[in-house]
Amino acid sequence: MGKFSIAIDGPAGAGKSTVARALAKRLGYIYVDTGAMYRAMALHFIRNGIAEDDFAAMETACDTAEVTIIHTDGEQAVLLNGENVNGFIRTEQVSHMTSVSSVNQKVRLKMVELQRGLAVKENVVMDGRDIGSYVLPDADRKIFLTASVEVRAKRRYDEQKAKGTECSLAEIEESIRERDYRDSHREFAPLVQAEDAVYVDTSGLTIEEVTEELYRLCRGGRG
Ligand code: DC
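None of the values given here were measured: they were computed from a predicted structure.

About the thresholds
- Residues numbered from 1 in each chain as written.
- Predicted model: local features only at pLDDT ≥ 70, side-chain atom pairs only at ≥ 80, totals over all residues.
- Heavy atoms only, no water.
- Axes fitted to C-alpha atoms, helices over the stretch in contact; angles between N-to-C directions.
- Helix = DSSP H or I, 4+ residues; strand = E, 2+ residues; numbered from the N terminus.
- Parallel < 35°, antiparallel > 145°, perpendicular 65-115°, else oblique.
- Left-handed = near helix turned anticlockwise from the far one by under 90°.
- Contact = heavy atoms within 4.5 Å.
- Nonpolar A, V, L, I, M, F, W, Y, C, P; charged D, E, K, R; others polar.
- Pairing = 2+ DSSP bridges.

## Regarding the packing of helix α7 (residues 149-162) against helix α8 (residues 169-185)
So, point 1. Two numbers describe how α7 lies on α8: the axes approach to 9 Å, and their chain directions differ by 125°. One finds that α7 runs oblique with respect to α8. At the point where α7 passes α8, the crossing takes the right-handed sense. Contacts between α7 and α8 involve V149, E150, R152, A153, K154, R156, Y157 and Q160 on the former and, on the latter, L169, I172, E173, I176, R177, R179 and D180.
So, point 2. Class assignment of the residues belonging to the contact of α7 with α8 gives a composition of six nonpolar, one polar and eight charged.

The following block contains the structure:
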């Protein structure tokens, strides 16, 4: 029998990764954070000194980036040419380059191939922007997770503050709006709710409440 797959899509800051990780743990599935894969690729472009508008150079550099995903005790590590880059992919610089470079079709097709390969081998909870609509159109469960821009910005702001990073709520909100726009207006595989996805607005909910709701939607296996 084929593997079971759960697709969770939505905009930045909706809580996808926290909830997807918790859900995967509860179900005993592998969690696949596809954003981290695009981030590793963007890090490769930055390290090679590629400008954010130089798509020709990105396409060439794609061929020299081997992005691999490994799992240890259910936790994902992203390897870039064999190096674990988990510690380098969450900066604002990488976030920006990722948002810009993930528009490119060659970059996307390379990541999509890898994502589909993982879903063939393992039961997965995969989160991203185009998982239910493009990467895994036959996923067993599809969820579109979102929240208002204000709530998402406030969450990011609180996260940064907790880490002791100085930041401005207005700037974070502006950067989220920009990313939303780019993610949902790109030509190839944009952020979109799949027709058969369940819409969940997490604005007034805690992480625990969202995880519980998704578990309720996903348990009970195929069908
Ligand atoms: O989920 P995240 O913040 O780590 O995603 C980083 C960027 O990657 C974001 O700008 C959208 C892009 N992305 C994408 O285009 N497709 C995916 N499946 C996952 C992420």
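## A word on the sheet that holds strand β4 (residues 75-80)
So, point 1. Spatially, three strands are ordered β3-β4-β5 in an open sheet, and the strand pairing comes out antiparallel. A single partner strand is all that each edge strand has here, and the edge strands are β3 (67-72) and β5 (83-84).
So, point 2. Note: β3 against β4, six bridges, orientation antiparallel. Note on β4: the bridge partner recorded for I69 is V78.
So, point 3. Packed onto the sheet, helix α2 (residues 34-47) meets β3, β4 and β5 and runs at close to 25° relative to β4.

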